[in-house]
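Report on the structure
Here are the chains, one letter per residue:
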Amino acid sequence: MHSVSDDARETIDGVLAYARSRALFADVPLDKPVTPDELAAVASGSITAGGIGSQAATTLFADVLAPTCLSIDHPGYLSFIPSAPSKAAIAFDLVVSASAIYGGSWMEGAGAVFAENEVLHWLAAEFGLPVGAGGVFVQGGTIGNLSALVAARDASRRRNAELGRTNPDRWKVVCSSEAHSSIASATEVMDVDIVAVRTGADGRLHGNAVVAALDEHGDSVFAVVVTGGTTNFGIVDDIASVAAVTKARDIWLHVDGAYGLAAMLVERMRPTFAGVELADSVIVDPHKWLFAPFDACALIYRDPSHGRAAHTQKAEYLDTLTDRPDWNPSDLAIQLTRRARGLPLWFSLATHGTDQYRASIDHGIALAREIADEIERRDGLSLVRDPQLSVVVFRREGWSMAEYQAWSDRLLDDQVGFVVPSSHAGEPVLRFAIVNPTTTMELLTEILDTLA
Ligand SMILES: *Cc1c(COP(=O)(O)O)cnc(C)c1O
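Residues numbered from 1 in each chain as written. Predicted model: local features only at pLDDT ≥ 70, side-chain atom pairs only at ≥ 80, totals over all residues. Heavy atoms only, no water.

Concerning the overall build of the protein chain
Applied cut-off: Under the scheme used here, helices are H or I runs from DSSP no shorter than 4 residues and strands are E runs no shorter than 2 residues, and both carry numbers assigned from the N terminus. Throughout, a contact is declared for two residues whenever any of their heavy atoms are within 4.5 Å. Using the Shrake-Rupley algorithm and a 1.4 Å probe, accessible areas are obtained, with residue cover drawn only from the displayed protein chains. We score Asp and Glu as negative and Lys and Arg as positive, and we do not count His or the chain ends. Positions of charges follow a simple convention, taking NZ of Lys, CZ of Arg, CG of Asp or CD of Glu.
For the protein chain, the helix and strand inventory stands at 16 helices and 11 strands. The long-range share in the protein chain, meaning contacts at least 24 apart out of those at least 6 apart in sequence, stands at 71%. Approximately 20300 Å² of the protein chain is accessible, and the part contributed by carbon and sulfur atoms is 54%. Taken as two groups, the 35 positive and 58 negative side-chain charges of the protein chain have centres that lie 5 Å from each other.

Written out as structure tokens, the structure reads:
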């Protein structure tokens, strides 16, 4: 399995040929899932004592398994938050696998860690964070949010210890009622309470609502989470007004920008995110709107020493790593062994330059605006809310959830698009989440036509 043999060459050439063809498909098939029974009937039995050989395994994947996996990079994939990795990022993901790099420590992965830091520092500067801000690429926004909140609680505990104050019986996190489900998940894991504050009529969390929550819950609050682009609507909280409150009260401000913070790379969108520069921690997912393959979340601390204090694992077998003043990415989040998962983004950014990133993100914002205007013009369709970023939520007048679902199934059967119904305040709605630069106005209007 490990020797450099003709067999190994054949395996690698075969797999690379498949990867090459998949990455260069002119028309990516959307594909669709089947039931476990259907797959069992055609795909069972691949694990044998003697092996089926790389050709048979590749063929099984290419012809049977892959067609039952949705292509998230299809231009008609508009559900949840899509992913649309650049060709350069896809190609370099293969290099990361081939290079056997341990991305957890400087000692083992210096050059990879350096390149990842180039990207993290660039992002930090774009978000207005000071020199010295830094972080780590973790698996996804869920782990990024959890790691940031663990660091925030640890900072509160340490400060209480310094000041001789007692810790509260129950720690609390304040966020908006529209915050992502991963915040509730993080508070579950941490066994802390969540204070969900109602958003204003504009759907955004404002400072005055946070003041009321802090007055009520006092010193038990160790962090306030604002969302830089909600998942369902792409709404950006009033970060500046919340930041003014957290700063005045010396409370950790975390910005969950998993989906939306990438929009800050577009110059005219920067005012929307005012206040991010005051954050103690931020996350943004490159696998969402920064055109990197799964899975990567950039977690950035204003002062990385907080991340390190909370997350550095200590053991005799790690002393040789942790006794040095090195920059060790593992120390900044919940993880030890880590893939250098920021490298595909680094390579693509280095290859193309930041201007193309800004333009490609702007495509989604501009297209969302354009299709929103088209929806407003059409009889029987109406916007639920004006898009702020690249999520467009709208209704087809008079349809029940069952009718939406039947339409959605048909759209996938016809391999035109993947648009699942969502709901808002109990009302079934449709939702386009646009991040893919190959998604066009023509395709979106074609999808609207099927709603007539
Ligand atoms: C997607 C998302 C997350 C979770 O990120 P994962 O990478 O899926 O774990 C968190 N917050 C927001 C706002 C998101 O859109």
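Examining the site of the ligand
The condition that has to hold: The rule for a residue being near a molecule or strand is that one of its heavy atoms must lie within 4 Å of it. Two N or O atoms form a polar contact when they lie within 3.5 Å of each other; inside protein one atom must be a possible hydrogen donor and the other a possible acceptor, and for residues adjacent in sequence the pair counts only when both atoms belong to side chains.
Neighbouring residues of the ligand: 14 residues in total, closest Gly141, Thr142, Asp256, Asp285 and Lys288. A distance of 2.7 Å is found between an oxygen atom of the ligand and a backbone nitrogen or oxygen belonging to Gly141. Thr231 has a polar side-chain atom sitting 2.8 Å from an oxygen atom of the ligand. Considered on its own, the ligand offers 380 Å² of accessible surface; in the complex 88% of this is hidden by protein. Every element with two or more residues in the shell around the ligand is listed here: α6 (141-163) and α10 (286-289). For the shell around the ligand, the element with the highest residue contribution is α6, accounting for three residues.

Focus on the sheet that holds strand β10 (residues 422-424)
Counted only if it meets this: Two strands qualify as a pair provided DSSP detects at least 2 bridges between them. Interaxial angles span 0 to 180 degrees and are taken between N-to-C directions of axes, which are lines fitted to C-alpha atoms, for helices over the stretch in contact.
Taken in spatial order, the four strands make up an open sheet running β8-β9-β11-β10, and their pairing is antiparallel. For this open sheet the edge positions go to β8 (381-383) and β10, each flanked by a neighbour on one side alone. Going across the sheet, the axis of each strand differs from the next one's by a mean of 45°, ignoring polarity. Both strand β9 (residues 391-396) and strand β11 (residues 427-433) contribute to a ladder of four bridges, which runs antiparallel. Residue pairing in the sheet places Val391 in a bridge with Ala433 of β11. Sheet contacts for helix α14 (residues 354-377): β8, β9 and β11; angle to β8, the most-contacted strand, approximately 135°.

Some points on the domain arrangement of the protein chain
Using the following cut-off: Start and end positions for the domains come from either an automated domain assignment or a database one.
Looking at the protein chain, the domain boundaries give domain 1 (6-30 + 33-69), domain 2 (95-352) and domain 3 (354-449). One C-alpha centre belongs to domain 1, the other to domain 2; they are set 37 Å apart.

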